[in-house]
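Each chain, letter by letter, is given below.
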There are 2 protein chains.
Amino acid sequence: MEVTNRYITIKSPLDDEEPKESDFELKTSPLALSVSPGSSDVIVKNLYVSIDPYQLNRMKSFSSSHKAISYAAAIAPGDEIDAYGVAKVVASGNPEFEKDDLVVGLISWGEYTVLKEGTMFRKFDPLGFPLSYQVGILGFSGLTAYGGFFEVCKPKKGERVFVSAASGSVGNLVGQYAKLFGCYVVGCAGSKEKVALLKAKLGFDDAFNYKEEPDLKSTLKKYFPDGIDIYFDNVGSEMLEAAVENMNTFGRVAVCGVISEYIDARKRAAPNMLDVVYKRIKIQGFLAADLMNVYSDFISTTVDHLRTGNLHVVEDISSGLESFPSAFIGLFRGHNTGKKMVKLADE
Amino acid sequence: MEVTNRYITIKSPLDDEEPKESDFELKTSPLALSVSPGSSDVIVKNLYVSIDPYQLNRMKSFSSSHKAISYAAAIAPGDEIDAYGVAKVVASGNPEFEKDDLVVGLISWGEYTVLKEGTMFRKFDPLGFPLSYQVGILGFSGLTAYGGFFEVCKPKKGERVFVSAASGSVGNLVGQYAKLFGCYVVGCAGSKEKVALLKAKLGFDDAFNYKEEPDLKSTLKKYFPDGIDIYFDNVGSEMLEAAVENMNTFGRVAVCGVISEYIDARKRAAPNMLDVVYKRIKIQGFLAADLMNVYSDFISTTVDHLRTGNLHVVEDISSGLESFPSAFIGLFRGHNTGKKMVKLADE
């Protein structure tokens with residue numbers, strides 16, 4: 001059987017500006033839903049695809065991301081865009097996979113993906129949870145939050161934690177893990193509704209709307225009169241500068257994302273390095289891929305918290321192939337709350 | 001016996017500009033060279049006093065340094081300026097010290113210092129070395145270089161190390177320790193003569209004069225075609241930005257000093273945080289005071305290297321009380337080579 005596979009790609013590199021609908025186009029190509037003899041390909045139907053800000057770096061002509069790690073390599077115009085997600089096997093030349101198996105790994109912004117041997121995908125057990133959990137809380141967003149917080153920040157109970165983009169896919173989980181661990185947590189987000197969610201539902205001790213704060217240094221001073229011990233940074237720029245100024249001795253900054261710089265390379269943070277020296281601050285970049293050593297801890301702790309109802313899942317799911325561009329663009333305009341993904345088909 | 005103690009102080013806070021001779025004045029006060037009954041004071045005659053750039057932060061109205069640690073507290077106009085150095089006891093009310101003992105610790109920019117109980121000073125054994133070694137290579141400069149390199153940078157043999165202000169008190173030792181450990185080391189300094197010293201005498205693999213390099217990013221690319229693993233930062237600003245751009249995956253930056261910011265708070269580094277994330281770079285501020293856990297290793301290793309002649313001592317000694325201002329000012333104009341100190345008297 002042959003189908004017409006529809007997928008989304010970029011028309012040209014997306015350099016130094018916010019992405020917009022016209023940067024993307026829908027393409028089609030014929031796809032046989034069977035595997036040639038001797039091939040080890042696995043053909044999958046995509047169900048849920050993760051939408052992540054870092055993909056913007058891949059869409060640029062040049063970015064530090066391109067050489068860093070395979071899943072952050074450059075995406076050329078016209079190419080399929082690979083992304084983390086959940087899919088169902090429709091045909092397999094690989095003896096380890098058979099029709100109707102559920103897999104998680106690098107699929108694509110399309111209806112179907114041909115998974116080559118040696119690329120990142122595996123079968124999984126949903127453990128009784130919705131499939132979408134594999135994309136967010138039990139996927140890379142969860143691992144990034146868990147490993148970034150526990151391994152990079154090395155928290156102690158009672159420490160004071162600040163999280164930016166706190167209603168985002170990673171930030172909301174960092175805050176929740178930090179609270180469950182016994183830290184004092186303040187988050188910032190970009191709307192009144194998001195701030196209310198952090199405080200009322202996710203258990204943050206406090207939260208504020210950064211768009212209403214003209215002087216972030218004073219704002220952080222107000223929310224952290226005793227200083228910040230840990231800053232989980234998803235945004236960079238002025239927020240990083242303000243956090244460093246308000247940091248305590250031996251404070252730690254985990255740099256997870258720099259969304260300010262993704263859309264404007266000139267928006268660089270210039271933190272006060274005298275603070276870094278005299279307060280012995282550590283600023284550490286990291287990627288989830290380096291945190292596989294805590295993967296089994298992450299899964300067991302997270303599953304426990306989910307089952308007891310201590311951890312809340314915040315998902316923001318768009319539907320249908322056509323929604324990829326707006327879902328992605330929305331990340332840079334603060335439209336999403338929690339884990340953004342696109343649902344392409346029912347299980 | 002009473003003497004007239006002469007000492008140097010500042011006339012007013014030194015804010016946001018290079019220090020100059022007229023910022024300082026010589027003061028005098030009568031000093032009895034005997035201790036009142038019941039007092040535990042130790043009165044010392046100062047022999048060698050360390051001259052360090054960080055003292056400029058103490059002389060400002062406001063600095064991150066002031067609250068950090070006692071030896072970086074603010075210095076008010078008119079006050080004695082405490083500084084690390086070597087002195088000889090002339091009178092003691094403390095049973096642990098007696099006349100003619102040599103001590104090392106926080107003395108002052110003056111001819112005599114009254115050391116109060118509970119302040120930082122102790123007797124020492126010169127181990128057959130000149131007394132000046134206690135101020136530099138066997139003092140805080142040495143500990144900063146040794147601990148900063150081994151504990152903060154955590155080097156592996158064969159790694160590529162870049163040192164800024166490499167002919168300075170700390171930088172020259174970092175480069176020498178790194179070479180002796182088995183790293184590839186490039187330093188930068190501010191004159192042809194300093195560059196020659198690094199290459200010809202101190203064993204650096206290469207060195208360059210940053211004043212002749214209009215584009216530091218390209219310069220570092222040229223000297224490190226395979227990237228930088230460790231950057232020992234004494235200067236901040238554009239050099240830090242250029243180093244981060246040229247850093248390898250899992251690179252480490254030890255931020256020891258930020259001399260660019262000491263003299264101009266606007267000269268802040270704005271390193272590319274995308275590099276920090278994707279290359280998983282760690283930027284870590286530190287102070288020698290936190291490195292006491294390696295003190296005995298530092299002393300035994302350094303003494304061994306000194307006795308075998310593997311480690312070269314570079315000192316830059318001014319003579320006499322009147323030389324304090326010019327010795328200090330010279331640090332910010334690149335006048336010193338190696339450890340800067342003032343000698344006040346013979347042993």
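Just so it is clear, the structure is predicted and the values come from calculations on it, not from any experiment. (Residues numbered from 1 in each chain as written. Chains lettered and ligands numbered in written order. Predicted model: local features only at pLDDT ≥ 70, side-chain atom pairs only at ≥ 80, totals over all residues. Heavy atoms only, no water.)

Residues and elements named next belong to chain A. As a packed pair, helix H2 (residues 140-152) and helix H3 (residues 171-181) sit with axes 9 Å apart at the nearest point and diverge in direction by 45°. On the basis of the axis angle, H2 is oblique to H3. In this structure, the crossing between H2 and H3 has a hand that is right-handed. Residues Ser141, Gly142, Ala145, Tyr146, Phe149 and Phe150 of H2 lie in contact with H3, whose contacting residues are Leu173, Val174, Tyr177, Ala178 and Phe181. Here the contact of H2 with H3 is composed, by residue class, of nine nonpolar, two polar and no charged. (Axes fitted to C-alpha atoms, helices over the stretch in contact; angles between N-to-C directions. Helix = DSSP H or I, 4+ residues; strand = E, 2+ residues; numbered from the N terminus. Parallel < 35°, antiparallel > 145°, perpendicular 65-115°, else oblique. Left-handed = near helix turned anticlockwise from the far one by under 90°. Contact = heavy atoms within 4.5 Å. Nonpolar A, V, L, I, M, F, W, Y, C, P; charged D, E, K, R; others polar.)

Residue and element names in this part refer to chain A. Here the domain parsing of chain A yields domain 1 (2-137 + 313-343) and domain 2 (145-289). Contacts between the two partners involve 21 residues from domain 1, matched on the other side by 16 residues from domain 2. Contact between domain 1 and domain 2 buries roughly 1,500 Å² in total, counting both sides, with carbon and sulfur atoms accounting for 61%. Joining domain 1 to domain 2, the criterion identifies zero salt bridges. Viewed at the interface, domain 2 and domain 1 are joined by four residue pairs in polar contact (both at pLDDT 80 or more). Here the residues of the side of domain 1 that touches domain 2 are counted per class, giving 10 nonpolar, six polar and five charged. (Domains from an automatic or database assignment. Buried area = accessible area lost by both parts, 1.4 Å probe. Salt bridge = Lys/Arg side-chain N within 4 Å of Asp/Glu carboxyl O. Polar contact = N/O pair within 3.5 Å; in protein donor to acceptor, adjacent residues only side chain to side chain.)

Residue and element names in this part refer to chain A. In this structure the tally under the stated criterion is 48 aromatic pairs over all chains. Summarising the aromatic geometry, the rings of Tyr54 and Tyr71 are spaced 5.9 Å apart at their centres and angled 70° between planes, so their arrangement reads as edge-to-face. One end of the pair, Tyr54, is in the loop between strand E3 (42-50) and helix H1 (55-58); the other, Tyr71, is in the loop between H1 and strand E4 (82-92), with 17 residues separating them in the sequence. By the burial criterion, Tyr54 is buried, and Tyr71 matches it. Ring centres of Phe208 and Tyr223 lie 4.9 Å apart, and the angle between their planes is 25°; on these two criteria the pair is classed as stacked. (Phe/Tyr/Trp six-rings, centres within 6.5 Å; stacked < 30°, edge-to-face > 60°. Buried < 20%, exposed > 50% of the residue type's maximum accessible area, 1.4 Å probe, protein only.)

Glancing now at the relation of the copies chain A and chain B. Rotating chain A by 180° and translating it 0.0 Å along the rotation axis places it on chain B, where the RMSD comes to 0.0 Å. Between the two chains, the operation in question is that of a two-fold axis. When C-alpha distances to the rotation axis are compared across chain A, the minimum falls at Ala270(A), with a value of 2.1 Å. Of the residues that chain A buries at the interface, 97% are likewise interface residues in chain B, meaning the two copies contact each other through the same surface. (Least-squares fit on C-alpha atoms with pLDDT ≥ 70 in both.)

On to the interface of chain A and chain B, then. Each side of the interface is counted separately: chain A has 37 residues, and chain B has 36 residues. Where chain A abuts chain B, roughly 3,300 Å² becomes buried across the two surfaces, and 59% of that area is made up of carbon and sulfur atoms. Considering only the side of chain A, the residues that lose the most area to chain B are Met273(A), Tyr278(A) and Arg280(A), jointly responsible for 23% of the buried surface there. Between the two partners, chain A and chain B, sit two salt bridges. Of the charged contacts in the structure, one is a salt bridge between Arg280(B) and Asp290(A), with a shortest N-O distance of 2.6 Å. Between the two partners, chain A and chain B, sit 13 residue pairs in polar contact (both at pLDDT 80 or more).

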